[in-house]
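Results of the structural survey
Take a look at the letters that make up each chain.
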Amino acid sequence: MATNSSTPRARPQYFPHHIPDPSYVRILDTTLRDGEQSPGATMTSQEKLCIARQLANLGVDVIQPGFPSASDDDFMAVKMIAQEVGNTAGHDGHVPVIAGFCRCVRKDIAIAWEAVKHAKRPRICTSIATSDIHMKHKLRKSKNEVIGIARDMIAFARSLGCNDIQFGAEDATRSEREFLYEILGVVIEAGATTVNIADTVGILMPFELGKLITDIKANTPGIANVIVSTHCHNDLGLATANTIEGARAGARQLEVTINGIGERAGNASLEEVVMALACKGDHVLNGLYTRINTRRILETSKMVEEYSGMHLQPHKALVGVNAFLHASGIHQDGMLKHKGTYQILSPEDIGHKITTEIGIVLGKLSGRQALRKRLEELGYELKEEEVDSLFLPFKAMAEKKKVVTDIDLKALVSYKVFNAEPIWKLGDLQVTCGTLGLSTTTVKLVNIDGTTHVACSIGTGVVDSAYRAINIIVKEPIKVLEYSLNSMTKGIGISATARVVICRENHSSTNAFTRDATYPTFSGTGAEMDVVVASVEAYLVAVNKLLRCKESFIHSK
């Protein structure tokens, strides 16, 4: 599969204005700032702290945890993250930069510095709009006024003792080029260490953004002495593509969010950008790489989804529930023969805790091989003709349902394959129960060969003691997964219907994506006037199916 197969390179030593390895790309995560600006995505301070810890474990270079001057709660969240996460080294010694975001306003900058200054590596990220439309209609200031504000505020940030300052040109991609070169040169001279080029409204095509970065690097005074950063929005669905193109053109800090959440259509997605670099960095991107621990991407995605309330679409690249599932019969057949036929990377690469099973979703397009594979994963060892006997009923079921679930398959196997002549039938049943002692049941079963067998057992109730007695006779370690009893009264008579679902103890497989234990299960129902007899009959139906499955497995071997 097309993943970066080279030996992982060490994270370069951190300098605010310089990266010793020209191929290294810093990842700035703004999930807790721009991501939280998604409508309805507000998070508590404690939730932000948990996500910040996770981002540090993920290996993010710079965490932008919020807008300290927005509210007291935001200030406390950023300060708490700076004090804890900003001073905690990971297993590789990495301590992330903690970057407080603020406007080019003296008060905002002072508050941001107060919030982050206790981090080992504090940064101030200050921003002002540079496009004509923003300067005219939002700021209502001239170009010279904006340049003066930018210069003075960078100098003010330096005067506070901050030596890691990021200047953001808001709506840079709609800004007049010569003006953009000029203001970037001014803030670099004033002390900025990173300049951020924001495609605030997501308007550029990838080739346009690449050309913009190239032009900035060629025409901005002092640009070689700072890090060039990109911040791309997804209004046209191009945020990831633009971000990658920016890196290819020379940007060495990429601003992203987990799951791509953010204003309007969102931001460039961390998982997409990072995995694109992991898959293609060596081969077509001149060796570009990050130090993100990709195997922690999925757990981070799920945490952000839960805390933000921004639920993922099923087909979201990499982290959506359908990202590694295959429904087409042609695709399933290819996957069964070689995973590389339809997967460019392994699900394990981003943290899917799966076994060797294929992520196959059964539906009306699935073929026999996919059905056989899933039955094997569920623990059923079936002969060829038994699989064939299931295929047509399976297709009929699939025509009516979008997806055939494991529960559907288990019921299908139970009723179509193992519902043959019973191996054991109930002969006689005697129970003793009440408040004076443990419930006791004596059971006589008749085998298919005509022999009779008797056993007695105690239990926590009459049904439990009856099932224990049956287990003694059939000599199988059986586990009851479900038991239910429904009764319907007519006059003074009671008709009871019992249902039981069982499996063999210690005979399980693992669900391909959840790692939950899955069992080949067998169900049975019984209807009698006596609730105990109904329960025993239901249990025997299920036991006989289990034994038929075992018999089929032995014969197939």
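Residues numbered from 1 in each chain as written. Predicted model: local features only at pLDDT ≥ 70, side-chain atom pairs only at ≥ 80, totals over all residues. Heavy atoms only, no water.

Within an unreviewed UniProt entry, the label attached to the chain reads 2-isopropylmalate synthase, and the organism entered is Vigna angularis var. angularis. Under the Catalytic activity (unreviewed entry) heading, UniProt states for the chain: "3-methyl-2-oxobutanoate + acetyl-CoA + H2O = (2S)-2-isopropylmalate + CoA + H(+)". The Sequence similarities (unreviewed entry) field of the UniProt record for the chain holds the comment "Belongs to the alpha-IPM synthase/homocitrate synthase family." (UniProt positions renumbered as here; feature names shortened; annotations may be inferred.)

Examining the overall build of the chain
When helices and strands are tallied, the chain shows 16 helices and 16 strands. Counting over 557 residues, the chain shows a buried share of 52%. Sequence separation of 24 or more characterises 67% of the internal contacts of the chain that already satisfy a separation of 6 or more. (Helix = DSSP H or I, 4+ residues; strand = E, 2+ residues; numbered from the N terminus. Buried < 20%, exposed > 50% of the residue type's maximum accessible area, 1.4 Å probe, protein only. Contact = heavy atoms within 4.5 Å.)

Re the pattern of salt bridges
Within this structure, the stated rule accounts for 25 salt bridges. One salt bridge in this structure joins Asp215 and Lys211, with 2.9 Å as the shortest N-O distance. Pair noted here: Asp215 and Lys211 are both in helix α7 (residues 206–219), with a separation of four residues, about one helical turn. Linking Arg248 and Glu245 is a salt bridge whose minimum nitrogen-to-oxygen distance equals 2.8 Å. Note that Arg248 and Glu245 are positioned in helix α8 (residues 239–249) at a spacing of three residues, about one turn of the helix. (Salt bridge = Lys/Arg side-chain N within 4 Å of Asp/Glu carboxyl O.)

Looking at the state of the cysteines
For the structure shown, the criterion picks out zero disulfides. Unpaired in this structure, Cys162 has its nearest cysteine sulfur neighbour in Cys125, at a distance of 9.0 Å. (Disulfide = S-S within 2.5 Å.)

Section: the environment of Gly202
Turning to its location among the elements, Gly202 is positioned in the loop between β6 (194–199) and α7. Considered as a pair, Gly202 and Asn234 are 32 residues apart in the sequence and their alpha carbons are 5.4 Å apart. The contacts of Gly202, once residues within four sequence positions are left out, are His233, Asp235 and Leu236.

Points about a nonpolar patch on the surface
Together, Ile203, Met205, Phe207 and Leu236 make up an exposed nonpolar region whose accessible area comes to about 390 Å². With respect to the helices, strands and loops of the structure, Leu236 is situated in the loop between β7 (227–232) and α8. (Patch = residues over 30% accessible without salt bridge, like charges linked within 9 Å, V, L, I, M, F, W, Y side chains within 5 Å. Areas by Shrake-Rupley, 256 points an atom, 1.4 Å probe, with all protein chains shown as cover.)

Observations regarding the sheet that holds strand β2 (residues 62–66)
Sheets are built from strands that pair by backbone hydrogen bonding, the pairs being arranged parallel or antiparallel. Around the barrel, eight strands lie side by side as β1-β2-β3-β4-β5-β6-β7-β8; this closed barrel has parallel pairing. Across this sheet, the average inter-strand angle for adjacent strands is 25°, counted without regard to direction. One ladder, built from six bridges, connects strand β3 (residues 97–103) with strand β4 (residues 122–129); its direction is parallel. Bridge pairing in β4 places Cys102 opposite Thr126. (Pairing = 2+ DSSP bridges. Axes fitted to C-alpha atoms, helices over the stretch in contact; angles between N-to-C directions.)

Some remarks on the environment of Tyr24
Assignment of secondary structure puts Tyr24 in the segment before β1 (26–29). With 263 residues separating them along the chain, Tyr24 and Gly287 place their C-alpha atoms 8.4 Å apart. Ignoring any residue separated from it by four or fewer positions in sequence, one finds Tyr24 in contact with Arg11, Pro12, Ile19, Asp61, Arg252, Tyr289, Thr290 and Arg291. At a separation of 3.2 Å, a polar atom in the side chain of Tyr24 contacts the side chain of Arg11. (Polar contact = N/O pair within 3.5 Å; in protein donor to acceptor, adjacent residues only side chain to side chain.)

Notes on the sheet that holds strand β9 (residues 424–432)
Ordered by their spatial adjacency, three strands build an open sheet running β9-β10-β11, and the pairing between neighbours is antiparallel. Two strands close off the open sheet at either side, each with one partner strand: β9 and β11 (452–459). Across the sheet, the mean angle from the axis of one strand to that of its neighbour is 20°, orientation sign disregarded.

Concerning unusual backbone geometry
One non-glycine residue, Arg140, lies in positive phi territory at about 55°. Tracing the chain through its elements places Arg140 in the loop between α4 (132–139) and α5 (143–159). Although it is not a glycine, Asp171 sits at a positive phi angle of roughly 60°. Position of Asp171 relative to the elements: it lies in the loop between β5 (165–170) and α6 (177–190). Residue class for Asp171 comes out buried when judged on its relative accessible area of 0%.

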